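# A structural walkthrough
Residues per chain, in single letters:
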Amino acid sequence: MPVLKSQQAVPTSLDFEDIKKIIPQRFPFIMLDRVTDILPGERVVGLKNLTGNEWFYQGHFPAKAITPGAMLLEAMAQAGIIFFHFHSPQQVGTTYLLGSVKIRFLQPVLPGAQLRIEVTPIKVTSSAGILNGEISVDGRLVAKGELTLGIKKSNSW
Amino acid sequence: MANRSHAKDHNGISSEVRKLVAEILEMEAIAISPDAQLVEDLGMDSMKALEILAAIEKRFKVKIPEESLPKMTTLNRVIEIAQQYARA
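Residues numbered from 1 in each chain as written. Chains lettered and ligands numbered in written order. Predicted model: local features only at pLDDT ≥ 70, side-chain atom pairs only at ≥ 80, totals over all residues.

Next up on the list: the interface of chain A and chain B. Contact with chain A, which involves 10 residues of that partner, is made by 10 residues of chain B. Here the side of chain A that touches chain B is composed, by residue class, of three nonpolar, six polar and one charged. (Contact = placed C-beta atoms within 7 Å. Nonpolar A, V, L, I, M, F, W, Y, C, P; charged D, E, K, R; others polar.)

Structure (structure tokens):
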């Protein structure tokens, strides 16, 4: 029985080096250490381990390190890029834009936390998508949101 | 196109869609001309188009195929698409 090309091409997990081949972000902005689940068109789950050495804790806040909500959103967006990469492989090499976001931060996230970032589709086309994002720490939901991501084929906008 | 002949549904869908479009394009509903070009005149991009489609789906509990997106050129066209699928 022939194996479909799309089935051949989809791994079930990604390590840090694999992730860097897909997302355009680089140090100090990579918010995924590992991707543990990839179900094209259905779900992506990633992990990020936060240490007290993260750059953003220097200023957020000097007296008490708390993970900025913007970085949690960034983690969801990067998981979204991974989602799109496997949902629309023909779009590889494109620019990803975040359009709109509705997000709720439910618990403070502190150094030492392992983020479990999950994105699932609400409505996705080949050039844009609305995704649900959830981040949990130790099984407890710390942030949930809805983000609209767009894909552009060129770097100009 | 049975919905088009139903005056009450027509009015309800039309005003609801206008509100949804206005909210996503961040405009006053009354300021949107029915025949204004959503992309050229009102700054709609592919992400906003998808948000409008998803908002209509959620509001009217319908599924609208992706192929409808390129047809969403004006508010009137969006209303027509919503009326085509909505069973409100």
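Don't stop here, the text continues.
It is worth spelling out the nonpolar core at this point. Ranked by internal contacts, the top residues of the largest apolar core, which has 55 residues, are Ala 75, Met 76 and Ala 79 of chain A together with Ile 52, Val 78 and Ala 82 of chain B. Within the residue set of this core, elements represented by two or more residues are helix H3 (69-87), strand S4 (114-124), strand S5 (128-137) and strand S6 (140-152) of chain A together with helix H1 (7-25), helix H2 (46-60) and helix H3 (75-85) of chain B. Top contributing element to this core by residue count: H3 of chain A, with 11 residues. (Core = buried A, V, L, I, M, F, W, Y, C linked by C-beta atoms within 7 Å. Buried ≥ 20, exposed ≤ 12 C-beta atoms within 10 Å, placed from the backbone. Helix = DSSP H or I, 4+ residues; strand = E, 2+ residues; numbered from the N terminus.)

Turning our eyes to something else, we now look at the sheet that holds strand S2 (residues 43-49) of chain A. On the basis of which strands lie adjacent, the open sheet formed by six strands has the order S1-S2-S4-S5-S6-S3 (chain A) and antiparallel pairing. With one partner strand each, in any of the chains shown, strand S1 (34-39) and strand S3 (95-105) of chain A form the two edges of the open sheet. Pairwise comparison of adjacent strand axes, ignoring direction, gives a mean angle of 20 degrees for this sheet. In terms of strand pairing, S3 of chain A meets S6 of chain A through nine bridges, oriented antiparallel. In the sheet register, Thr 95 of chain A faces S6 of chain A, and the bridge partner there is Lys 152 of chain A. Set on the sheet, H3 of chain A makes contact with S1, S2, S3, S4, S5 and S6 of chain A; between it and S6 of chain A the angle comes to about 55 degrees. Its contacts with the sheet place H2 of chain B against S3, S4, S5 and S6 of chain A, and it is angled at close to 80 degrees to S5 of chain A. (Pairing = 2+ DSSP bridges. Axes fitted to C-alpha atoms, helices over the stretch in contact; angles between N-to-C directions.)

A few words on unusual backbone geometry. What you tend to see is this: most non-glycine residues have negative phi, and most peptide bonds are trans. Residue Pro 28 of chain A follows Phe 27 of chain A across a cis peptide bond; omega there is 5 degrees. Take Pro 28 of chain A: it is sitting in the loop between helix H2 (16-22) and S1. Cis geometry is found at the peptide bond from His 60 of chain A to Phe 61 of chain A, where omega equals 0 degrees. Tracing the sequence through the fold places Phe 61 of chain A in the loop between S2 and H3. Look at Glu 26 of chain B: it is not a glycine, yet its phi comes out positive at around 55 degrees.

Here we take up the environment of Thr 125 of chain A. With respect to the element layout, Thr 125 of chain A can be found in the loop between S4 and S5. With 49 residues separating them in the primary sequence, Thr 125 of chain A and Met 76 of chain A have C-alpha atoms 18 Å apart. If we ignore the near neighbours within four places in the chain, the residues touching Thr 125 of chain A are Leu 50, Glu 66 and Leu 69 of chain B.

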